[in-house]
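Residue-level structural notes
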2 protein chains.
Amino acid sequence: MTDAILILRQCGIQPTPQRIAVVECVLNGNGHPTADDVLISARKTCPTVSRATVYNTLNLLVEKGLIGMQTIREGAVVFDPNVEKHHHFIDDDTGDIYDIPWDQLDVKGKDKLKDFEILEFQVIMRGRRKKR
Amino acid sequence: MTDAILILRQCGIQPTPQRIAVVECVLNGNGHPTADDVLISARKTCPTVSRATVYNTLNLLVEKGLIGMQTIREGAVVFDPNVEKHHHFIDDDTGDIYDIPWDQLDVKGKDKLKDFEILEFQVIMRGRRKKR
DNA sequence: GTATCGATTTAGACAATGTCAAGATCGGAG
DNA sequence: CTCCGATCTTGACATTGTCTAAATCGATAC
Ligand SMILES: [Mn+2]
Ligand SMILES: [Mn+2]
Ligand SMILES: [Zn+2]
Ligand SMILES: [Zn+2]
């Protein structure tokens, strides 16, 4: 349970009911929601919130580094409450996206790519999550 | 210079002027075109080709394994004439996508992810291509 | 309490991506 | 030539995302 108001203030963003709802949806929600997921979810606590405000707020949060944005799903960008470096696993059956901790994988050979200046990278895996 | 007609026949797809134009655009063109790139490009040799036919043909080619489809750019899927396993580097300045040969990188640690059955994976890198 | 003013939100227009269905077109077999 | 199945085109439609103008909000000043 994050304190959305505090988080917004610390970034110099005026906390409003709409922005609080958006922050709570993406930070307390589970997973990697699309903007539309956030809109639907935010409307449960703030029924009049508009699509434009959800997009504005999400983009603002990305700018401030409070959340990430990932281009790994077809059709829509997803937002990511996890701002630490990490990899992703996408379940082809369900579409669910799982975080893989950064230190679980090691990518060897990047330094041999002389033609490219790598600013960031990640491993993207697809398959099925094993039922347990 | 690929023989589009032959390639289509080998996959059991009737070669038509429209399909030939699409195949030539994505196979002989350079890089990772979007459907819209292909549409514009195909219209140079086949001015009346429609958007639906371009999408239908591209999806058909993907189904048959003749080209790949990558979800690595915002806004639109890109198609990939390279069907071998490989990684990608995206130039943040230009948006250009470069193929990185499969054996240039080695991802260690995948076997420790007990909860996931990895069917495919790739490394996605972002940054700037060094001018040379 | 009321007027004012800037910040915020809303509703709807708009462009782009992608899918789909209905009708037109094409091309080969009879 | 006619018929018929395959293919193509057109335009409608849904979705994602951005933008603008007008409405709303809230704090301060009077
Ligand atoms: Mn979703
Ligand atoms: Mn393009
Ligand atoms: Zn993540
Ligand atoms: Zn590629």
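See the structure shown above.
Residues numbered from 1 in each chain as written. Chains lettered and ligands numbered in written order. Predicted model: local features only at pLDDT ≥ 70, side-chain atom pairs only at ≥ 80, totals over all residues. Heavy atoms only, no water.

1. Considerations on the coordination of the zinc ion (ligand 4)
Residue and element names in this part refer to chain B. Donor atoms from the polypeptide that bind the zinc ion (ligand 4) are His32 (NE2), Asp80 (OD), His86 (NE2), His88 (NE2) and Asp99 (OD), placed at 2.1 to 2.3 Å. In primary sequence terms, the donor set of the zinc ion (ligand 4) follows H-x47-D-x5-H-x1-H-x10-D. No difference in accessibility class separates Asp80 from His86, as the two residues are buried. (Donors = N, O, S within 2.8 Å, 3.2 Å for Na, K, Ca; no water. Buried < 20%, exposed > 50% of the residue type's maximum accessible area, 1.4 Å probe, protein only.)

2. Notes on the protein's contact with DNA strand D
In the region of DNA strand D, 18 residues are neighbours, and Arg51 and Val77 of chain A together with Thr16, Thr48 and Ser50 of chain B sit closest. Of all atoms in DNA strand D that approach within 4 Å of the protein, 65% are sugar or phosphate atoms. The backbone of Val77 of chain A places a nitrogen or oxygen atom 3.0 Å from a phosphate oxygen of DNA strand D. Residue Gln18 of chain B places a side-chain N or O atom 3.1 Å away from a sugar or linking oxygen belonging to DNA strand D. At the level of secondary structure, the elements contributing two or more residues to the surface near DNA strand D comprise helix 4 (51–63) of chain A together with helix 2 (17–28) and helix 4 (51–63) of chain B. The greatest single-element share of the surface near DNA strand D, amounting to four residues, is contributed by helix 4 of chain A. Taken together, the residues of the surface near DNA strand D sort by class into six nonpolar, eight polar and four charged. (Near = heavy atom within 4 Å. Polar contact = N/O pair within 3.5 Å; in protein donor to acceptor, adjacent residues only side chain to side chain. Helix = DSSP H or I, 4+ residues; strand = E, 2+ residues; numbered from the N terminus. Nonpolar A, V, L, I, M, F, W, Y, C, P; charged D, E, K, R; others polar.)

3. Some points on the interface of chain B and chain A
Contact with chain B, which involves 35 residues of that partner, is made by 35 residues of chain A. In total, chain B and chain A occlude about 3,300 Å² of area from one another, counting both sides; carbon and sulfur atoms represent 60% of this. The tally of links between chain B and chain A comes to two salt bridges. The shortest N-O distance in the salt bridge between Glu117 of chain A and Arg128 of chain B comes to 3.9 Å. Put simply, chain B and chain A have 14 residue pairs in polar contact (both at pLDDT 80 or more) between them. (Contact = heavy atoms within 4.5 Å. Buried area = accessible area lost by both parts, 1.4 Å probe. Salt bridge = Lys/Arg side-chain N within 4 Å of Asp/Glu carboxyl O.)

4. Quick word on the protein's contact with DNA strand C
Near DNA strand C lie 18 residues; those nearest to it are Thr16, Thr48 and Ser50 of chain A together with Arg51 and Val77 of chain B. Close to the protein, within 4 Å, the atoms of DNA strand C belong to sugar or phosphate groups at a rate of 67%. Separating a phosphate oxygen of DNA strand C from a backbone N or O atom of Ser50 of chain A is a distance of 2.9 Å. Of all elements in the fold, only helix 2 (17–28) and helix 4 of chain A together with helix 4 of chain B reach the threshold of two or more residues within the surface near DNA strand C. Counting residues per element, the surface near DNA strand C draws most heavily on helix 4 of chain B, at four residues.

5. With respect to the pairing of strand 3 (residues 86–91) of chain B
Residue and element names in this part refer to chain B. The buried count for strand 3 comes to six of six residues, which makes it a mostly enclosed element. Here five bridges tie strand 3 to strand 4 (residues 97–101), and the two strands are oriented antiparallel to one another. Paired with His88 across the two strands is Asp99, which belongs to strand 4. Following strand 3, the chain reverses through five residues before pairing antiparallel with strand 4; Gly95 in that reversal takes a positive phi of roughly 85°. Here strand 3 runs beside strand 6 (residues 116–129); their pairing, made up of four bridges, is parallel. Note that in strand 6 the partner of His88 across the bridge is Ile124. (Pairing = 2+ DSSP bridges.)

6. Observations concerning the packing of aromatic side chains
In the structure shown here, the tally under the stated rule is six aromatic pairs over all chains. Aromatic pair Tyr98 of chain A and Phe116 of chain B: ring centres 5.4 Å apart, planes at 55°, arrangement tilted. Of this pair, Tyr98 of chain A sits in strand 4 (residues 97–101) while Phe116 of chain B sits in strand 6, each in a different chain. Taken as a pair, Tyr98 of chain A and Phe116 of chain B share a single burial class, namely buried. Ring-pair connections join several aromatic residues into one group, and the members of that group are Phe89 and Tyr98 of chain A together with Phe116 of chain B. (Phe/Tyr/Trp six-rings, centres within 6.5 Å; stacked < 30°, edge-to-face > 60°.)

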